[in-house]
Amino acid sequence: DIHLTQSPSTLSASVGDRVTITCRASQTINGWLAWYQQIPGKAPKLLIYQTSIVESGVPPRFSGSGSGTDFTLTISSLRPNDVAVYYCQQYNSYSLLSFGGGTKVEIK
Amino acid sequence: QLQLQESGPGLVEPSETLSLTCTVSGGSVSSKSYYWGWIRQSPGKGLEWIGTMCYGETNYYNPSLKTRVTIFADTSKNQFSLKMTSVTAADTATYYCARADSGDSGGFFNYWGQGTLVTVS
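Reading guide: rules and limits
- Residues numbered from 1 in each chain as written.
- Chains lettered and ligands numbered in written order.
- Predicted model: local features only at pLDDT ≥ 70, side-chain atom pairs only at ≥ 80, totals over all residues.
- Heavy atoms only, no water.
- Helix = DSSP H or I, 4+ residues; strand = E, 2+ residues; numbered from the N terminus.
- Rg over C-alpha atoms; globule rule 2.2 N^0.38 Å.
- Contact = heavy atoms within 4.5 Å.
- Areas by Shrake-Rupley, 256 points an atom, 1.4 Å probe, with all protein chains shown as cover.
- Lys, Arg positive; Asp, Glu negative; His and termini not counted.
- Charge placed at Lys NZ, Arg CZ, Asp CG, Glu CD.
- Pairing = 2+ DSSP bridges.
- Axes fitted to C-alpha atoms, helices over the stretch in contact; angles between N-to-C directions.
- Phe/Tyr/Trp six-rings, centres within 6.5 Å; stacked < 30°, edge-to-face > 60°.
- Buried < 20%, exposed > 50% of the residue type's maximum accessible area, 1.4 Å probe, protein only.
- Buried area = accessible area lost by both parts, 1.4 Å probe.
- Salt bridge = Lys/Arg side-chain N within 4 Å of Asp/Glu carboxyl O.
- Polar contact = N/O pair within 3.5 Å; in protein donor to acceptor, adjacent residues only side chain to side chain.
- Nonpolar A, V, L, I, M, F, W, Y, C, P; charged D, E, K, R; others polar.

### A closer look at the overall build of chain A
Turning to step 1, where the next piece is worked out: Tallying secondary structure elements over chain A gives 0 helices and 11 strands in all.
Turning to step 2, where the next piece is worked out: Its helices and strands in sequence order give chain A the pattern β-β-β-β-β-β-β-β-β-β-β, from N to C terminus.
Turning to step 3, where the next piece is worked out: Taken against the 2.2 N^0.38 rule, which gives 13 Å for 108 residues, the C-alpha radius of gyration of chain A at 13 Å falls within 12% of a compact globule.
Turning to step 4, where the next piece is worked out: Overall, the C-alpha framework of chain A stretches about 40 × 25 × 25 Å when taken along its three principal axes.
Turning to step 5, where the next piece is worked out: A fraction of 56% describes how many contacts in chain A between residues 6 or more apart in sequence connect residues 24 or more apart.
Turning to step 6, where the next piece is worked out: Taken as a whole, chain A presents about 4,800 Å² of accessible surface, with 49% of it coming from carbon and sulfur.
Turning to step 7, where the next piece is worked out: Taking the average location of the 8 positive side-chain charges in chain A and that of its 6 negative ones, the two points are 7 Å from each other.

In C-alpha cells form, the structure reads like this:
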C-alpha cells in the first residue's frame, strides 16, 4: 500500500497569505498525484492532477509541484472562500488508490 | 454535463448488507474511457477509497474492504452499485460515487456525486 502523509493537519493563515500544504508518499508515485478541496458539507472538488495540472475552472492562485515522494499544494494568496479541507490522492496504480489524511485551512 | 446521484437506505442494521446505487446522467457507465468509483468519509474523518470499476474490465477494491465489497454496473439503467456485507458501526459514513478517466494518465476523480449518509445502527 502507498501511504500519503499530509502536513500540517491544520493551518491558520491570514487573507492574502501564501499557503503551502505538503503531501509525502511512502514510495515514489511517478507524479501521479491529485489535490482536492472539500468545503464543509460538500463533495470534494478536483483542483490539480498529475502533480501540477490545474483543473479547468480552478482559480490560478492554486498550484501544485513536486516529484518522487514529496509534493506541495500552494495557494498564492489566501481568500476567505478557500476555507476548506484539502486532500491529496495518489493514483500510481488503479488497483490501489489512496488519499492523504487532509489539511484543514482556516482564516486567522 | 456529467451528473452523478447516489441513492439508497440511510439506515442499515449491523451485520446486514449496505446497498447503494449511483445514477449517471450525461455519460455512459459502459464506456471503457472511465472508471466509476466509490469513496467514503466517516463523520469528521478523511476520505477512504472503497473501489473502482471499468465496464468489462477488472474491478479494484481497497484491500481492507475487499472481502465485503462488490461494485457492479446495470447498463440498462446507466447505474453502478455498491454492495457491502456484514456492516458494523465503523461503516457509518457519507458514501460518494465518482468518475475517473481511465488510461495511462487517469485515476483521479474529476466528477463526484453529492454523497449520501449511511448510518449503521
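### A word on the sheet that holds strand β1 (residues 3–7) of chain B
All names here are of chain B.
Turning to step 1, where the next piece is worked out: With antiparallel pairing, 4 strands are arranged side by side in an open sheet as β1-β3-β8-β7. The sheet is open, and its two edges are formed by β1 and β7 (69–74), each paired on a single side. When strand polarity is set aside, the average angle formed by the axes of neighbouring strands in this sheet is 20°.
Turning to step 2, where the next piece is worked out: Bridge count between β1 and strand β3 (residues 18–25): 5 bridges; the pairing is antiparallel. From the neighbouring strand, E6 faces β3, where its bridge partner is C22.

### Here's the deal with the side chain of D91(B)
Turning to step 1, where the next piece is worked out: On the secondary structure map, D91(B) appears in the loop between β8 (79–84) and β9 (93–101).
Turning to step 2, where the next piece is worked out: Each residue touching D91(B), except ones within four places of it in the same chain, is listed here: R40(B), R68(B), M84(B), S86(B), V118(B) and V120(B).

### Considerations on the packing of aromatic side chains
Residues and elements named next belong to chain A.
Turning to step 1, where the next piece is worked out: Taken as a whole, this structure holds 13 aromatic pairs over all chains when the rule is applied.
Turning to step 2, where the next piece is worked out: Residues F62 and Y86 carry aromatic rings whose centres are separated by 6.3 Å and whose planes lie at 35° to one another, so their mutual orientation is tilted. In this pair, F62 is assigned in strand β7 (residues 62–67) and Y86 in strand β9 (residues 84–90), connecting sequence segments 24 residues apart.
Turning to step 3, where the next piece is worked out: Residue Y86 is classed as buried on the basis of its relative accessible area, which comes to 0%.

### A closer look at unusual backbone geometry
Residue and element names in this part refer to chain A.
Turning to step 1, where the next piece is worked out: Across the junction of S7 and P8, the peptide omega takes the value -5°, indicating a cis bond.
Turning to step 2, where the next piece is worked out: Of note, P8 is situated in the loop between β1 (4–7) and β2 (10–13).
Turning to step 3, where the next piece is worked out: Even without being a glycine, Q50 presents a positive backbone phi close to 50°.
Turning to step 4, where the next piece is worked out: In this fold, Q50 is placed in the loop between β5 (45–49) and β6 (53–54).
Turning to step 5, where the next piece is worked out: Of note in this structure, T51 is not a glycine but carries a positive phi near 75°.
Turning to step 6, where the next piece is worked out: Along the chain, the position of T51 falls in the loop between β5 and β6.
Turning to step 7, where the next piece is worked out: Here T51 falls in the buried class, since its relative accessible area comes to 7%.

### Quick look at the interface of chain B and chain A
Turning to step 1, where the next piece is worked out: At the junction of the two partners, chain B supplies 26 residues and chain A supplies 21 residues.
Turning to step 2, where the next piece is worked out: Note on chain B versus chain A: buried area summed over both sides is about 1,800 Å², and carbon and sulfur give 67% of it.
Turning to step 3, where the next piece is worked out: A per-residue breakdown of the area chain B buries against chain A is headed by L47(B), W49(B) and F108(B), which together make up 33% of the total.
Turning to step 4, where the next piece is worked out: Joining chain B to chain A, the criterion identifies 0 salt bridges.
Turning to step 5, where the next piece is worked out: At the boundary of chain B and chain A, one finds 9 residue pairs in polar contact (both at pLDDT 80 or more).
Turning to step 6, where the next piece is worked out: Listing elements by their share of the side of chain B that touches chain A, those giving two or more residues are β4 (34–41), β5 (47–53), β6 (60–61), β9 and β10 (109–112) of chain B.
Turning to step 7, where the next piece is worked out: For the side of chain B that touches chain A, the element with the highest residue contribution is β5(B), accounting for 4 residues.
Turning to step 8, where the next piece is worked out: Grouping the amino acids of the side of chain B that touches chain A by side-chain chemistry returns 11 nonpolar, 11 polar and 4 charged.

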